[in-house]
Amino acid sequence: MAKVNTLVRFLDYISKHPDASDSEIAEAIGVTERYVRMCREDIDVLKPYFLRLVLSREDIRIILSKFTPMTDYEKEIYGKLLREVVPHARGVIRLARPEDERSPKQLNVALLIPFGSKKGVRHITEFWLRALLYDTLIWVNLRGEEEPRLAESIEPEDGYRRWSIKLRQGVKWSDGRPVTPDDVISSLRSSRTFAELIEEAGKDGRRGVKLTFKRPQPLFKWRMRHFPILPAEGTPYKVTCGAYRLRRAFRPAGLLRLKANPDYYRENRPLIEYITLREFSRVSSALNAFEKGEVDFIPLKSLYQLRRAEGEWHPQSWPFDNRYYVLAINRKGKLSDPELCERLRTVIDYDAIKSLLSGEEVRRKAEGEDLGLRMGYVSDVESEEILELARMVAGFIGCREVVNATDWSPEERRGNLDLILTGMIFGQLFQGLRKYFHSKGEANLFGYADEEVDEMLDELEDLADPVRRRELGEIILKTLQRDHAVILLAPSFNYFISSMFVEVSEEVASQEDFIFRLPDLYIDRELE
């Protein structure tokens, strides 16, 4: 490799004279032409490392999401940056542009199913099927901008407690019946999300629905963007109205093939003709299929899933949506002492936690001093990641035993534990904060109660403006940390592996957004 000072002179000269020949450069910096060629080779090797010193892969991803290449030169730059994120990218999945038309392209998706879990199969696969075979009333992006879907309009009344829905005219199910108010009411009534919130639901003419909630619902439209409407009658997945139809299902093999719905009410949608959903119980099997080119897209819950995977992978991440691994603190026991809470916060090795969650080799820290605290963990699914993280944190505080408190009653948790490690999803608009930290929250693990926090959470509950919600949500979260109600151990991202770069934006800001926006996404292979 060339000497550093020679490389510096070489870089300085070519930056001022980009069209200079090797002989001109050699004469100017006092070396041979052979040495100039060596400098060029060294720069080609070092170029990616120079870039990463300034920009991380996530920084480059953000730049690409705002960059629409028009000229050949811009496309060349775009392609170079893209390969820093996905070195062997075979194209880009992006939001459609006016000139894009449907093409016979196919997206093959691998779904990771918890091994031996029928419930897991039902939850993950059916989420994708419902999003693709059915449709929502409305779409709302992160800025609060709306696009009508099955509903022509959705309007609030009486301070968000009452809502009026008017359905789009002419939309029909695949069996020829029109989409009616009965379908909307049935879907809402059968949903855990809305059933307990609705006080009254009735029809308003042939296309109207009137809803009255027990309390104001300023985020009703926001929540409806990921809520597909199902038929009140008919065989599931056979009577549909969405962008796709189920073409073939090989259930024992965990393979489902979907084809664009020719009768879809939205013109020129979807743009991707075929989608294949294939279930895998092992990450290694999904990665093997990816290497063979049999799948294009693998959703991941975390990088921890790749810890035993051989080879080099280049996962992409969705934007942060306020998911955290946390320690919930029982303020009614030993940790009612603020000094002990501060001591707890300082003994945690946050770098080691980051390494564990990133799938990197963890620098093990010696077991900490026993703080005399009892610790458990809570996880909705059987997760090695949560268990290993809980054991790591237990080691920091000298706790010899950590128990699975997932199935414990609230009273058992509060009476027998000082700490609970779990994952919490606060949401892009902090809509999840209330259930964890309001004195009446249904997921309040230790019965935390503070009048000031309750007042702020009540104010947040009444806000519809996305910007104001995010501002107030940040204030509440800082207050909770200052009051030792919770310790944020590490942010939790959703990742995916894809042979194509996926452009994220206010329209596609999460995995759920990606699934529900698939009819509006386009596979662009021009940049290969």
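To continue, consider the packing of helix α11 (residues 350–357) against helix α12 (residues 384–396). Interaxial distance between α11 and α12 falls to 11 Å at its minimum, and their mutual angle equals 165°. The orientation of α11 relative to α12 falls into the category roughly antiparallel. Here the hand of the crossing between α11 and α12 comes out right-handed. Between α11 and α12, the contacting residues are A352, I353, L356 and L357 on the first element and E385, E388, L389, M392, V393 and F396 on the second. Of the residues assigned to the contact of α11 with α12, the class counts are eight nonpolar, no polar and two charged.

Before going further, it helps to examine the sheet that holds strand β6 (residues 151–157). Reading across the sheet, the four strands line up as β6-β7-β9-β8 and stay open at both edges, with antiparallel pairing between neighbours. Both edges of this open sheet fall to β6 and β8 (198–204), since each of them pairs with a single strand only. Across the sheet, the axes of successive neighbouring strands diverge by a mean angle of 15°, strand direction being ignored. Relative to strand β9 (residues 208–213), strand β7 (residues 162–167) is paired through five bridges, and the arrangement is antiparallel. Of the residues in β9, the one forming a bridge with I165 is V209.

So, about the pairing of strand β14 (residues 297–300). On β14, burial covers both faces: F297 and P299 on one face and I298 and L300 on the other are all buried. Across four bridges, β14 lies against strand β21 (residues 495–498) in antiparallel orientation. Its bridge partner being in β21, I298 is matched across the sheet by I497.

Interhelical geometry of helix α1 (residues 4–16) versus helix α2 (residues 22–29) gives an angle of 125° and a closest axis separation of 10 Å. For the element pair α1 / α2, the angle class is oblique. With respect to the hand of their crossing, α1 and α2 are arranged in right-handed fashion. Here R9, F10, Y13 and I14 of α1 lie close against α2, whose contacting residues are E24, I25, A28 and I29. For the contact of α1 with α2, the class distribution of residues is six nonpolar, no polar and two charged.

Thresholds applied
- Residues numbered from 1 in each chain as written.
- Predicted model: local features only at pLDDT ≥ 70, side-chain atom pairs only at ≥ 80, totals over all residues.
- Heavy atoms only, no water.
- Axes fitted to C-alpha atoms, helices over the stretch in contact; angles between N-to-C directions.
- Helix = DSSP H or I, 4+ residues; strand = E, 2+ residues; numbered from the N terminus.
- Parallel < 35°, antiparallel > 145°, perpendicular 65-115°, else oblique.
- Left-handed = near helix turned anticlockwise from the far one by under 90°.
- Contact = heavy atoms within 4.5 Å.
- Nonpolar A, V, L, I, M, F, W, Y, C, P; charged D, E, K, R; others polar.
- Pairing = 2+ DSSP bridges.
- Buried < 20%, exposed > 50% of the residue type's maximum accessible area, 1.4 Å probe, protein only.

From the geometry alone we can't say anything about function, so treat these as descriptive.
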